[in-house]
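Here are the chains, one letter per residue:
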Amino acid sequence: MVDENEFFRRATLRISSSLKSETALQRAMTYLQQHMPVSGIFFALYDPNLNIGRLLAFIWPPGIDRPKRTFVFPKEYWGWMKNWWDNQERIRIINDISKEEKPLQQAFAAMWPNDTSHITMGLRLEEMQLGILAIFAEGKNRYNESHAHLISLLHEPFAIAISNILQHQEILRLKDILADDNSYLRQELMEITGKTIIGANFGMRGVMEMVSQVAPLNSPVLLLGEAGVGKEIIANAIHYSSKRKNDPYIRVNCGAIPENLIDSELFGHEKGAFTGAISSKRGRFERANHGTIFLDEIGELPPAAQVRLLRVLQQHEIERVGGSEVIPVDVRVISATHQNLELMTQSRKFREDLLYRLNVFPIMIPPLRHRTDDIPALVSHFLEHKSRELGIEQMPSITREAIEQLQAYHWPGNVRELENFVERALIQTKTGKPVEAISFSRLASTSVDHTITPSDQTDESILPMNDVIAMHIKKALAQTRGKVEGIDGAANLLKIHPSTLRGRMRKLGIPYGRHR
Ligand SMILES: Nc1ncnc2c1ncn2[C@@H]1O[C@H](COP(=O)(O)OP(=O)(O)OP(=O)(O)O)[C@@H](O)[C@H]1O
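Cut-offs applied
- Residues numbered from 1 in each chain as written.
- Predicted model: local features only at pLDDT ≥ 70, side-chain atom pairs only at ≥ 80, totals over all residues.
- Heavy atoms only, no water.
- Helix = DSSP H or I, 4+ residues; strand = E, 2+ residues; numbered from the N terminus.
- Buried < 20%, exposed > 50% of the residue type's maximum accessible area, 1.4 Å probe, protein only.
- Contact = heavy atoms within 4.5 Å.
- 1 Å grid on protein atoms, 1.4 Å probe; cavity = no way out; pocket = protein on both sides within 12 Å on 5 of 7 lines; lining within 4 Å.
- Points joined across faces, edges and corners; volume = space filled by probe spheres on them.
- Nonpolar A, V, L, I, M, F, W, Y, C, P; charged D, E, K, R; others polar.
- Pairing = 2+ DSSP bridges.
- Axes fitted to C-alpha atoms, helices over the stretch in contact; angles between N-to-C directions.
- Near = heavy atom within 4 Å.
- Areas by Shrake-Rupley, 256 points an atom, 1.4 Å probe, with all protein chains shown as cover.
- Domains from an automatic or database assignment.
- Arc of directions from axis to C-beta.

Enquirer: Can you break down the overall build of the protein residue by residue, with the values?
Expert: Regarding its fold elements, the protein presents 20 helices and 15 strands. Across the 516 residues of the protein, 47% fall into the buried class. A separation threshold of at least 6 residues defines the contact pool for the protein, and within that pool the share at least 24 residues apart is 67%.

Structure below.
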């Protein structure tokens, strides 16, 4: 004969013995095994609105496959499940699953072999349905009324335990959101203090016009251009001038995340989804909810992640890795690449349907060598910034010759290369005394050759045809001091019609009428 008071006292001590729900359940189960057959125990929830069952914590016997955390019930059982949940009896013995109602049979069949016995107990606190506690054992007809009575004595301690787990999870969720907000605020601060777009009225004018057209919409944007042209700075501009500017802005470099982690990084994972997934985690899409996600290097996205991304773009929902819960997300997608995605679709490295979805509003950012007019302003911007960063009190000025040399170079690394170059030049000039003028040519030995001409090109650095043509035209213009037409004009030197030369200059972004 069991002493019920003693049973209650000892069981309650174990149920409340740890903050970790699984540890507490394990201890409770070990104690219950002294009084009845128990090979597994779990807390579960059912959300009638989403029609999803969820295991909050569980101890599973080694002989039965570990269950999925979430379980979506078939549509035809929704009404039945909701009714069952709302009017759940306090305690129920299930000794033979095949004799239960169809929806329950279906739910059980997804997790247990047919010959298992169960006791389930609905947990209510202050008239609120909190969840279910259940124990089970292998074999049919393992439980009787006295087992059920003992379990029912533990209703209150189990109900308090489940409510604690729920509150704990809510705290973790809020902590996560706060961390997001924090990084968002840091990000915004950086935008305010730093990144101005130079050339917005010159070489980047066309780009900025497109930014202002597309920013207020929710359409996906695809930024195209070589490495270092400023794709990220444009993505920032789109987000911060959109309606979503006060919501999260999450940036992901798809090429920097190992292939086996990218799915879980972007879409999150459930606990136990793979080795090392010791707790469930929200992915970057969930974190970006209501805001913008910037997917840099989109061409590096592996095929499985491409499928999931397509689903976000089409249905605005995600599924975490290892989960079956469908999570709605409202995220604007900006992507960027220096690769030719169309070519990649032909070799099946990139999905055509995905490209079609991303490419709603493409923006091509021209390389720096096609907007050499921006170079003086960019150099002065970087000189100012980097001088401040390096603690150089008197900002050096630049010689006109140095600027011209920089404009003649083809900048394969674009604005980033120019930025690094200015920084290197400043470091080398930093002698302690104020520097009046900075001539890049003297500093060039360790970095770039600024006066590269087509004949300087080695076999390893074959330039695109347009760049070679642009350099050749500039060379001719330099000889004619910028004059296009006439006997002493560049067109005559190049043996082409002046209007053809002007057309080429327009196309290649070579400015007119300047003394070179
Ligand atoms: N128009 C600009 N005005 C001021 N700074 C710029 C401009 N364009 C680029 N930069 C600076 O140049 C650097 C490279 O730009 P960004 O990272 O945006 O290029 P990217 O095209 O995204 O490069 P990648 O493809 O390599 O990621 C950054 O430090 C950025 O602040």
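Structure shown, so let's carry the discussion forward.
Enquirer: Tell me about empty space enclosed by the protein, residues and numbers included.
Expert: Enumeration over the complete set of coordinates arrives at one cavity of 30 Å³ or more. Taken as a whole, the largest cavity holds about 310 Å³ of empty space. Taken together, 24 residues form the lining of the largest cavity, with Ala 44, Phe 73, Trp 84, Met 111 and Ile 132 sitting closest to its centre. No other element matches the four residues that strand 1 (residues 40–47) contributes to the lining of the largest cavity. When its residues are assigned to classes, the lining of the largest cavity shows 17 nonpolar, three polar and four charged.

Enquirer: Tell me about the sheet that holds strand 7 (residues 221–224), and please be specific about residues and values.
Expert: Read from one edge of the open sheet, five strands run 8-9-12-7-13, paired in parallel fashion. Every other strand in the sheet has two partners, leaving strand 8 (249–253) and strand 13 (361–364) as the edge strands with one partner each. Neighbour to neighbour, the strand axes of the sheet diverge by 15° on average, direction disregarded. Against the sheet, helix 7 (residues 205–214) touches strand 7, strand 12 (332–337) and strand 13, its axis set at about 160° to strand 13.

Enquirer: Any details on the sheet that holds strand 2 (residues 52–59)? Residues and values, ideally.
Expert: Judged by pairing direction, the sheet is antiparallel, and its six strands sit side by side in the order 3-2-1-6-5-4 without closing on themselves. Of all the strands in the sheet, just strand 3 (70–72) and strand 4 (91–94) have a single pairing partner and so form its edges. The sheet shows a mean angle of 25° between the axes of neighbouring strands, direction not considered. The sheet contact formed by strand 4 and strand 5 (residues 116–125) spans four bridges and is antiparallel. If you follow Arg 92 over to strand 5, its bridge partner there is Thr 120. Of the strands in this sheet, strand 1, strand 2 and strand 6 (128–138) are in contact with helix 2 (residues 21–32), which crosses strand 2 at around 65°.

Enquirer: So what's going on with the site of the ligand? Residues and values would help.
Expert: Ile 198, Gly 228, Lys 231, Arg 416 and Glu 419 are the nearest of the 18 residues found near the ligand. Relative to its unbound accessible area of 620 Å², the ligand is 91% covered by the protein chains. Counting residues per element, the ones that place at least two in the shell around the ligand are helix 8 (231–240), helix 14 (375–390) and helix 16 (414–429). A per-class count over the shell around the ligand returns eight nonpolar, three polar and seven charged. Here the shell around the ligand spans two domains, and each of domain 2 (205–364) and domain 3 (368–452) adds at least three residues to it.

Enquirer: Before we move on, can you summarise helix 3 (residues 78–86) with the specific residues and values?
Expert: The complete set of buried residues in helix 3 reads Met 81, Trp 84 and Trp 85. The arc that holds every buried residue of helix 3, seen down its axis, measures 100°, which confines them to one face. In the core, the buried residues of helix 3 are packed alongside strand 1, strand 4, helix 4 (102–109) and strand 6.

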